[in-house]
Amino acid sequence: MTEAENSKNTKPELPKDVRVRFCPSPTGTPHVGMIRTALFNWAEARATGGKLVFRIEDTDAARDSEESYNQILESLRWLGIDWDEGIEVGGPHGPYRQSERTDIYKDVAARLLEAGYAYESFSTPEEIEARNVAAGRPKAFGYDGYDRNLTEEQKEAFRAEGRKPALRLRMPDEDIAFDDLIRGTIEFKAGSVPDYVIVRPNGDPLYTLTNPVDDAMMDINVVLRGEDLLSSTPRQIVLYRYLEELGIAKQTPLFGHMPYVMGQGNKKLSKRDPESNLFNHRDAGFIREGLLNYLALLGWSIAPDRDVFSMDEMIAKFDVRDVKANPARFDLDKAISINAEHIRMLDADDFLRRSVPYLHRDGVVSADAWDALTDRERTILTAAAPLVQPRVRLLGEVAGMVGSLLSEEGYIEPDADARKTLKDSAAEVLDKAIAALEGADESEWKAEPLHELLNVKLIEEGGYKPRLAFGPVRVAVSGRRVSPPLFESMEILGKDLTVARLKGLREHL
C-alpha cells in the first residue's frame with residue numbers, strides 16, 4: 001500500500017446527498033473508538049443535511065450478545081447521537097440487523113458465483129500453508145489462488161471426500177487506487193491482496209460480504225470508519241464493482257479512514273482498556289457535552305486555538321476531509337478538563353438534576369431524581385450549587401463536596417489527608433472558634449459576617465496564619481481538606497450544626 005501526500009487536492013468532493021452509516025457489532029461494552037466513529041458519522045450527516053443509517057452487524061453468533069446490543073442503544077441515547085434510518089426507527093432498506101438478512105446474502109453470493117466473480121475454494125488452511133512452504137514462501141503468506149481454475153471433475157472429487165467449499169472473491173490482477181477523504185490517494189499494488197473468502201464452507205456469510213452488500217442496498221455513499229479497516233478497502237472496492245455490474249449497487253462509496261486512538265505507552269487504545277470503556281466515563285461523572293467535545297478532538301479540531309465547543313458548533317464546522325490522518329492520543333486529564341468546562345456552562349438547575357443520580361448512588365440523598373428529594377435536600381443543594389458547580393470536574397465529585405452539607409451528623413470523621421493537615425495548634429484554634437461562634441447572633445449567620453468574626457478572633461487577635469486559623473475549622477465543618485467555600489458552607493449548615501461540628505472534632509483530637 002502506498003499513500004500519497006495528505007492534501008486537499010487529492011480528496012474528493014462529497015456527494016450531494018450524503019448517506020453515512022454506523023454499523024457496530026454487539027460484542028462488548030461500547031468503547032471510545034466506537035463512539036468516535038458514531039460521532040463523526042453523525043456530525044457529517046448533520047453538517048451536510050444528509051442521512052445517518054444505524055444498523056447492527058450481528059452475524060457472529062459466538063460473540064454477539066443482546067446485552068451488548070442494548071448497551072450500544074443506551075450509549076447513543078445517552079449521548080444524544082440520533083439517526084435517520086435503521087434500528088428502532090425503520091426505513092425502506094430494512095431489516096437493519098444482519099442476522100435478519102441471511103437470505104439476502106445467500107442470494108447475492110449465488111449471483112456472484114454464477115457470474116464468475118466468486119468461485120468455490122476447497123483448500124484447507126493446512127493445505128495453503130503447506131503449498132506456501134513447498135514454494136519457498138513464508139508459511140503464513142496467505143492464499144495462493146490454487147482453486148481459481150478447478151475443473152468440475154476436481155470439484156466433484158473434493159465433494160466426494162466430504163469437503164464443502166468456501167466462496168472466494170476473484171481479485172483482478174491490477175493496481176487498486178482510491179482517493180481517501182482523510183488520507184488522500186491510496187494505492188494497493190497488483191497481487192498484494194489475495195482472493196478472499198466471502199462465505200464459509202458451512203454457508204455462513206462473512207463481514208467481507210455482508211458489510212458491502214448492506215452498504216450497497218442501503219445506498220450508502222460515504223463510508224467513515226477506523227484506520228484498522230483500511231487494508232480491507234481494496235477488497236470492498238472490487239466487490240462494489242461486481243455488485244454494480246450485477247445491478248445490486250448504484251455506486252462505489254467514498255471512503256474515509258479515521259486515525260487510531262492511542263492509549264498509554266504509544267499503543268492503540270484497546271477496547272479492554274478501562275479508559276476505553278464508555279460507561280466507566282459516564283459512571284465517573286462525564287456529561288454528554290464534555291465527553292462528545294473531547295471525542296471530537298480525537299482527529300479533528302474546530303480551530304487551532306480552541307478546544308471547547310458545543311455539538312451545534314461542531315456541526316456548523318465539521319467536514320470529514322479536515323480530519324487528521326495522524327494517530328490521536330486519548331488523554332484522560334484533558335478529557336476531564338474539558339468536561340469541567342461544560343459542567344460550568346450548565347444552568348444551575350440542570351447541574352443539580354444531573355447530579356442527583358450520582359448523589360443517590362453515593363448515599364448522600366434519599367432518591368435518584370430531583371423531584372423525589374426531601375424539601376431539606378433540595379434547599380441545601382440549591383444553596384450549594386453556586387459553590388460546587390465551578391469546582392467539580394466530574395459529576396461523580398459532587399457527593400464529596402456536598403455530603404457534609406447534607407449530613408445532619410454533629411461530627412464528621414475527617415478524611416485521612418484532611419487529618420494530616422491538623423497541626424498542634426488545632427485544638428486551641430477550635431476552642432477560640434467555638435467561643436466566637438457560640439456568641440454570634442443567628443440573625444447575622446451569613447458568610448461575610450462569619451468570615452469577619454473568625455478573621456478577628458483567630459488571625460488579628462489570635463495571631464494565627466490563615467492556613468492554621470481556618471484549616472481546622474474547614475476540617476471540622478466538612479471532614480475534607482478541600483471543600484466548598486468555608487463560610488458559605490457554615491451559612492448553609494446553620495449555627496447549631498456548625499458549632500456541633502467544631503465541638504465534635506475538638507473532642508476527637
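Residues numbered from 1 in each chain as written. Predicted model: local features only at pLDDT ≥ 70, side-chain atom pairs only at ≥ 80, totals over all residues. Heavy atoms only, no water.

All right, on to the sheet that holds strand β3 (residues 51–54) then. Strands belonging to one sheet form pairs held by backbone hydrogen bonds; the direction of such a pair is parallel or antiparallel. Strands sit in the order β2-β3-β4 across an open sheet of three strands; the sheet is parallel. The sheet terminates laterally at β2 (19–22) and β4 (85–86), the two strands that pair on one side only. Bridge count for β2 against β3 is four bridges, and the pairing is parallel. If you follow Phe 22 over to β3, its bridge partner there is Phe 54. (Pairing = 2+ DSSP bridges. Helix = DSSP H or I, 4+ residues; strand = E, 2+ residues; numbered from the N terminus.)

By the criterion of burial, strand β11 (residues 254–258) is predominantly enclosed, with five of the five residues buried. Chirality of the crossover, the property in question, places the unit of strand β10 (residues 222–226), helix α7 (residues 233–245) and β11 among those that are right-handed. (Buried < 20%, exposed > 50% of the residue type's maximum accessible area, 1.4 Å probe, protein only. Right-handed = clockwise from strand over helix to strand, strands pointing away.)

Looking now at unusual backbone geometry. The omega torsion of the bond from Gly 94 to Pro 95 falls at 0°, within 30 degrees of zero and hence cis. Mapped onto the elements of the fold, Pro 95 is located in the loop between β4 and α3 (102–115). Even without a glycine there, the phi angle at Glu 88 is positive, about 65°. Note on placement: Glu 88 falls in the loop between β4 and α3. Judged by its relative accessible area of 56%, Glu 88 is exposed.

A few words now on helix α2 (residues 66–79). For α2, with 14 residues, the first-to-last C-alpha span of 20 Å sits near the 20 Å given by 1.5 Å per residue. Residues of α2 that are buried: Ser 68, Tyr 69, Gln 71, Ile 72, Leu 73, Ser 75, Leu 76, Trp 78 and Leu 79. Buried residues belonging to α2 abut β2, α1 (32–48), β3, α8 (278–284) and α9 (288–296). A positive phi of about 80° marks Gly 80, the residue just after α2. (Expected span 1.5 Å × (residues − 1). Contact = heavy atoms within 4.5 Å.)

A sheet is described by the order of its strands in space; here three strands give the open sequence β5-β6-β9, paired in antiparallel fashion. Both outer strands of the open sheet, β5 (118–121) and β9 (196–199), are each paired with one neighbouring strand and no more. Strand-to-strand, the axes of this sheet are offset by a mean angle of 45°, without reference to chain direction. Of the pairings in the sheet, the one linking β5 to strand β6 (residues 166–169) comprises four bridges and is antiparallel in character. In the strand pairing of β6, Glu 120 is matched with Leu 167. Strand contacts of α3: β5, β6 and β9, with the helix running at about 95° to β5, the strand carrying the most contacts. (Axes fitted to C-alpha atoms, helices over the stretch in contact; angles between N-to-C directions.)

Turning next to the pattern of salt bridges. Going through the model one piece at a time under the given rule, you end up with 45 salt bridges. In this structure, the salt-bridge partner of Arg 344 is Glu 341, at a minimum N-O distance of 3.1 Å. Taken together, the residues span about one helical turn, with Arg 344 and Glu 341 both in helix α11 (residues 332–345) at a distance of three residues. Relative accessible area serves as the criterion here: at 38%, Arg 344 is assigned to the partly exposed category. The exposure class of Glu 341 is partly exposed, given its relative accessible area of 34%. Across the pair Arg 378 and Asp 375 runs a salt bridge, and its minimum N-O distance is 2.6 Å. With a gap of three residues between them, Arg 378 and Asp 375 both fall in helix α13 (residues 375–388), about one helical turn apart. The exposure class assigned to Arg 378 is partly exposed, which follows from its relative accessible area of 22%. Here Asp 375 falls in the exposed class, since its relative accessible area comes to 56%. Put simply, Arg 21, Arg 55, Glu 57, Arg 101, Asp 214 and Asp 215 are held in one network by salt bridges that share partners. (Salt bridge = Lys/Arg side-chain N within 4 Å of Asp/Glu carboxyl O.)

By the element assignment, Pro 259 lies in the loop between β11 and β12 (261–262). Residue classification places Pro 259 among the buried residues on the basis of a relative accessible area of 2%. Distance from Pro 259 to Arg 329, taken between C-alpha atoms, is 9.8 Å for residues 70 residues apart in sequence. Those residues in contact with Pro 259 that sit more than four places away from it in its chain are Arg 36, Arg 183, Glu 227, Leu 298, Gly 299, Val 323, Lys 324, Ala 325, Asn 326, Pro 327 and Ala 328.

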